[in-house]
There are 2 protein chains.
Amino acid sequence: MKKKEIILRAAMQLFARKGFKDTSMAELSKTTGAAEGTIFYHFKTKQDIFLEILKTAKEEILFEFNRYTENRQFETGIEMMDGAISFYLYLAGLKEDFFLLLHRRYPYELAEVNPVCRQHLESIYNCFVDIFEQAILAGQADGSIAPLPARKVALIVFTMVDGLVRFKLYNLYDAGALFNELIASCRRMLENKPVTG
Amino acid sequence: MKKKEIILRAAMQLFARKGFKDTSMAELSKTTGAAEGTIFYHFKTKQDIFLEILKTAKEEILFEFNRYTENRQFETGIEMMDGAISFYLYLAGLKEDFFLLLHRRYPYELAEVNPVCRQHLESIYNCFVDIFEQAILAGQADGSIAPLPARKVALIVFTMVDGLVRFKLYNLYDAGALFNELIASCRRMLENKPVTG
DNA sequence: AAAATTAAACTGAGTACTCAGTCTGTTTTT
DNA sequence: AAAAACAGACTGAGTACTCAGTTTAATTTT
């Protein structure tokens, strides 16, 4: 593995676990074995390291998302939603450091002044919400999901699932204990209840 | 207003908007008009300022919660839930800086090594989740809410509402546009559907 | 009521330290 | 030998916190 990639990976871990500001170049140099000069040879600034992490992660998530949608077939939209929630939680476990980073304030503060950062973040979030929206639209087509405003409800489902991830990352509650109830709650929220009579 | 209180209020605003680490004592000194020495006369360390902010905020939230529960009467548990959600969003608007602070990583990182911080945070979160749980229990007593595990579902509702607050605070989506749909989604999730036949 | 005493609040220059980023030079690759 | 990659000492700005001393306010003594 090239020094540049070693630096990127270590920086992602440190920025996620300790925060951007609380990670010094000296520390990054020490953990990677690369001299500080080497780091600044590959990246112009500390911020540039962060932006490249975000770009790489975005591409990896889009890749994982495509792999997920390709390999799965669901009977109904509501089952697709179960799968989407599971996928998000699976991804949060697979890329825990990145999700930790996404739950820090730094990316959003940078996004307010840096359009490149904003675009990366938007791509990532749109990708996530799209997953849920597509499940809802599919469910509405096959009749398993009620006729609700798809995008809005997708956002609400996203806040639920992402909130669970936050609980887990911040060690607030045992997120695993809530998983089944989360799936069941989503079903009650979305399911089509045919009007009788 | 005493210097000490001026310092506390300014520190809350700065810690919330800029972050704990990114707020220097020099800046706090400048915005309050108090010399740096004065700040350290009133607080032993920078961290102590944060802990006192948390303690004060906790007391204020408990006070607001009591005022809320005293002055309201609801017909059914499900209506009480609507009120609880509105209360949370109202509080998040009233004490925006504090909610910004609560959505930073610093409090939770400190909580992992500082038991006083952890206890303050637990009191605050338990208070919030209690509000939702009480509504669910009331609704189950009067038959308006389905027999679900009250605490777990209360946590899920909390993640939804707090997620909406996060959207608003981080300027990710227009939270106001989701309010009505959030209330409706919660109702679908909780409502008792009597079995016919 | 004026003066003397005490205590609390406040000040800002100073301290030791950390930081991102630079500079100069060496090694490795082409 | 030229170019790319690497190394680490160095810089100057910024950091939380200290301390010796000053100002202000309250209390006691005359």
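Residues numbered from 1 in each chain as written. Chains lettered and ligands numbered in written order. Predicted model: local features only at pLDDT ≥ 70, side-chain atom pairs only at ≥ 80, totals over all residues. Heavy atoms only, no water.

Undergrad: Outline the interface of chain B and chain A, listing residues and values.
TA: Listed as interface residues are 42 residues of chain B and, on the opposing side, 42 residues of chain A. Both faces combined, the contact of chain B with chain A buries some 3700 Å², and carbon together with sulfur accounts for 61% of it. When residues of chain B are sorted by the area they lose upon contact with chain A, Arg105, Arg166 and Arg188 of chain B head the list and together hold 17% of the total. Where chain B meets chain A, there are six salt bridges. Of the charged contacts, one joins Arg166 of chain B and Asp162 of chain A as a salt bridge, the two residues approaching to 3.0 Å between their closest N and O atoms. Linking chain B with chain A are 12 residue pairs in polar contact (both at pLDDT 80 or more). Of all elements in the fold, only α1 (3-18), α6 (96-102), α7 (106-111), α8 (115-142), α9 (150-169) and α10 (179-190) of chain B reach the threshold of two or more residues within the side of chain B that touches chain A. The element best represented in the side of chain B that touches chain A is α9 of chain B, accounting for 13 residues. (Contact = heavy atoms within 4.5 Å. Buried area = accessible area lost by both parts, 1.4 Å probe. Salt bridge = Lys/Arg side-chain N within 4 Å of Asp/Glu carboxyl O. Polar contact = N/O pair within 3.5 Å; in protein donor to acceptor, adjacent residues only side chain to side chain. Helix = DSSP H or I, 4+ residues; strand = E, 2+ residues; numbered from the N terminus.)

Undergrad: Outline the packing of aromatic side chains, listing residues and values.
TA: As enumerated under the stated definition, the model contains 38 aromatic pairs over all chains in all. Aromatic side chains Phe128 of chain A and Phe158 of chain A sit 6.2 Å apart centroid to centroid with 20° between the ring planes, which places their arrangement in the stacked category. With a gap of 30 residues between them, Phe128 of chain A in helix α8 (residues 115-142) and Phe158 of chain A in helix α9 (residues 150-169) connect regions that are remote in the sequence. Across the pair, exposure class does not vary: Phe128 of chain A and Phe158 of chain A are buried alike. An angle of 50° between the planes, with centres 6.4 Å apart, marks the rings of Tyr88 of chain B and Phe132 of chain B as tilted. (Phe/Tyr/Trp six-rings, centres within 6.5 Å; stacked < 30°, edge-to-face > 60°. Buried < 20%, exposed > 50% of the residue type's maximum accessible area, 1.4 Å probe, protein only.)

Undergrad: Mind laying out the side chain of His120 of chain A, listing which residues take part and the relevant values?
TA: With respect to the helices and strands, His120 of chain A occurs in helix α8. His120 of chain A gets classed as buried once you look at its relative accessible area, which sits at 9%.

Undergrad: Lay out the packing of α9 of chain A against helix α10 (residues 179-190) of chain A with the relevant residues and their values.
TA: Residues and elements named next belong to chain A. The N-to-C vectors of α9 and α10 enclose an angle of 170°; their axes lie 11 Å apart at closest approach. As the angle between them shows, α9 and α10 are arranged roughly antiparallel. Side by side, α9 and α10 meet where Val153, Ile156, Val157, Met160, Val161 and Leu164 of the first sit next to Leu182, Ser185, Cys186, Met189 and Leu190 of the second. Grouping the amino acids of the contact of α9 with α10 by side-chain chemistry returns 10 nonpolar, one polar and no charged. (Axes fitted to C-alpha atoms, helices over the stretch in contact; angles between N-to-C directions. Parallel < 35°, antiparallel > 145°, perpendicular 65-115°, else oblique. Nonpolar A, V, L, I, M, F, W, Y, C, P; charged D, E, K, R; others polar.)

That is the geometry; function is a separate question.
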